[in-house]
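So the chains spell out like this:
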Amino acid sequence: MNKKVLVFGGGGFIGSYVVEELLTNNYNVLYADLNPCDNIPMRYFIKCDIMQKKEVEFLCQDVDIVFNFAGFANLDDAIANPLKTLELNVIGNMHILEGCKIHKIKRYIYASSAYAMSDKGSFYGISKLTSEKIIEEYYKKFGLKFTIIRYGSVYGEKEYYNNYIYNLVKEAMLNGKISHSGDGAEIREYIHAYDVAKLALQVIENSEFENEHLILTGTERMQRKELFEMINEMLGGKIEILLKASGYHNHYKTTPYSFHPTRSKKLVANPHIDMGQGILECMRIIEKKYL
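Description of the structure in this document. (Residues numbered from 1 in each chain as written. Predicted model: local features only at pLDDT ≥ 70, side-chain atom pairs only at ≥ 80, totals over all residues. Heavy atoms only, no water.)

This paragraph deals with the overall build of the chain. Helices and strands together make up the secondary structure of the chain, namely 9 helices and 13 strands. For the chain, the spread of C-alpha atoms along the principal axes amounts to about 55 × 40 × 35 Å. Across the 291 residues that make up the chain, the buried fraction comes to 51%. Just so you have it, the chain exposes about 13,500 Å², and 51% of that area is on carbon and sulfur atoms. In the chain, which carries 35 positive and 36 negative side-chain charges, the distance between the mean positions of the two groups comes to 4 Å. (Helix = DSSP H or I, 4+ residues; strand = E, 2+ residues; numbered from the N terminus. Buried < 20%, exposed > 50% of the residue type's maximum accessible area, 1.4 Å probe, protein only. Areas by Shrake-Rupley, 256 points an atom, 1.4 Å probe, with all protein chains shown as cover. Lys, Arg positive; Asp, Glu negative; His and termini not counted. Charge placed at Lys NZ, Arg CZ, Asp CG, Glu CD.)

Right, let's talk about unusual backbone geometry for a bit. With phi around 65°, N26 is a residue other than glycine that occupies positive phi space. In this structure, N26 sits in the loop between α1 (13–24) and β2 (28–33). Assessed through its relative accessible area of 56%, N26 is described here as exposed. Notably, D62 is not glycine yet its phi reads approximately 55°, a positive angle.

Moving on, we get to the nonpolar core. In terms of nonpolar packing, the biggest core is built from 38 residues, with V7, L22, F67 and Y151 touching the most fellow members. Counting only elements with at least two residues in this core, the list comes to β1 (4–8), α1, β2, β4 (65–68), β5 (107–113), β6 (146–151), α7 (193–205) and β10 (212–216). At 8 residues, α7 tops the list of elements feeding residues into this core. Excluding residues within four positions of it along the chain, L22 makes contact with V5, V7, Y27, V29, F67, L201 and I204. (Core = buried A, V, L, I, M, F, W, Y, C linked by side-chain atoms within 4.5 Å. Contact = heavy atoms within 4.5 Å.)

By definition, the strands of a sheet pair up through backbone hydrogen bonds, in either a parallel or an antiparallel sense. The strand order β7-β9-β11 describes an open sheet built from 3 strands, whose pairing is mixed. Two strands close off the open sheet at either side, each with one partner strand: β7 (154–155) and β11 (220–223). With 4 bridges joining them, strand β9 (residues 187–192) and β11 adopt antiparallel strand pairing. Residue pairing in the sheet places Y190 in a bridge with E220 of β11. (Pairing = 2+ DSSP bridges.)

Here 5 bridges tie β1 to β2, and the two strands are oriented parallel to one another. Counted as the bridge partner of L6 is L30 from β2. This β-α-β element, β1 to α1 to β2, shows right-handed connectivity. In terms of strand pairing, β2 meets strand β3 (residues 45–47) through 3 bridges, oriented parallel. Its bridge partner being in β3, Y31 is matched across the sheet by F45. (Right-handed = clockwise from strand over helix to strand, strands pointing away.)

This paragraph deals with helix α4 (residues 82–102). Its 21 residues place the ends of α4 29 Å apart at the C-alpha level, agreeing with the 30 Å of an ideal helix rising 1.5 Å per residue. Among the residues of α4, those classed as buried are T85, L88, N89, V90, G92, N93, H95, I96, L97, E98, G99 and C100. Buried residues along α4 sit in contact with β1, α2 (53–59), β4, α3 (75–80), β5 and α5 (122–142). Trailing α4 by a residue or two, K104 shows a phi angle of about 55°, which is positive. (Expected span 1.5 Å × (residues − 1).)

With that settled, the discussion passes to the pattern of salt bridges. Enumeration over the complete set of coordinates arrives at 14 salt bridges. The shortest N-O distance in the salt bridge between K101 and E98 comes to 3.3 Å. Of this pair, K101 and E98 both sit in helix α4, 3 residues apart, roughly one helical turn. Put simply, K145 and E210 hold a salt bridge, and the shortest N to O gap is 3.5 Å. Of this pair, K145 sits in the loop between α5 and β6 while E210 sits in the loop between α7 and β10; the two residues are 65 residues apart in sequence, bridging distant segments of the chain. Take E210: its relative accessible area is 26%, and that puts it in the partly exposed class. Through salt bridges that share partners, K53, K54 and E57 make up one connected network. (Salt bridge = Lys/Arg side-chain N within 4 Å of Asp/Glu carboxyl O.)

Here it is in structure tokens:
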């Protein structure tokens, strides 16, 4: 298989899993980011700032498929930096789209978010939904085929700032506590990043996903406090759980969906990594690294 794939933001949390899965399946891969990923050999890395339009366009030469995981990926960071969020997530995305258009890329895969469908998403959700609309328009006007993937509640065993469950387990193991700014009743459907990466390959290998909006979440639906209790039980029941029930108003409580006219299909990993197994792997890595 000689398809050439370029992954912007491939050094980040979800992007790195996708790059590794592409390499495992013998794709010809390069990932572009500001910093390399420790788990991926340097020969696959190229330094790139998506705000540099010419740099981005140059990289899109002789490429079949482009993924975009670059830009702001954290809701709270986006609220603190609205201008930077719109620059990176909208203008940066347009720089990549221009490169794809000029070099006639076969498919553009955009990493959006469940917050694109939510009125709770603030500047982050706005930036993602805006980019989705621009991508749709590039298809209508220039014929650039796309797949928009709306990610929600992804976790894994790699240490990243936006890997919520890993950081939760790390806090529990190192400090003996879990602190949460909500009431714990928030519902999420967690999916392992490894399953997300496998589904990304399914997306690019099947034409049925062309010009589609997909939602990628897990099948295990649980309240946050159930997750905390699960981690506590796995660590012997000695963890202090602190629910502050404040400061969580920016995040959705039960569902990311607010009414929008663009529907998305839900793609499910089957088989998938069991939640307990995924958390155990986080614990194993943290123990090895810190204890």
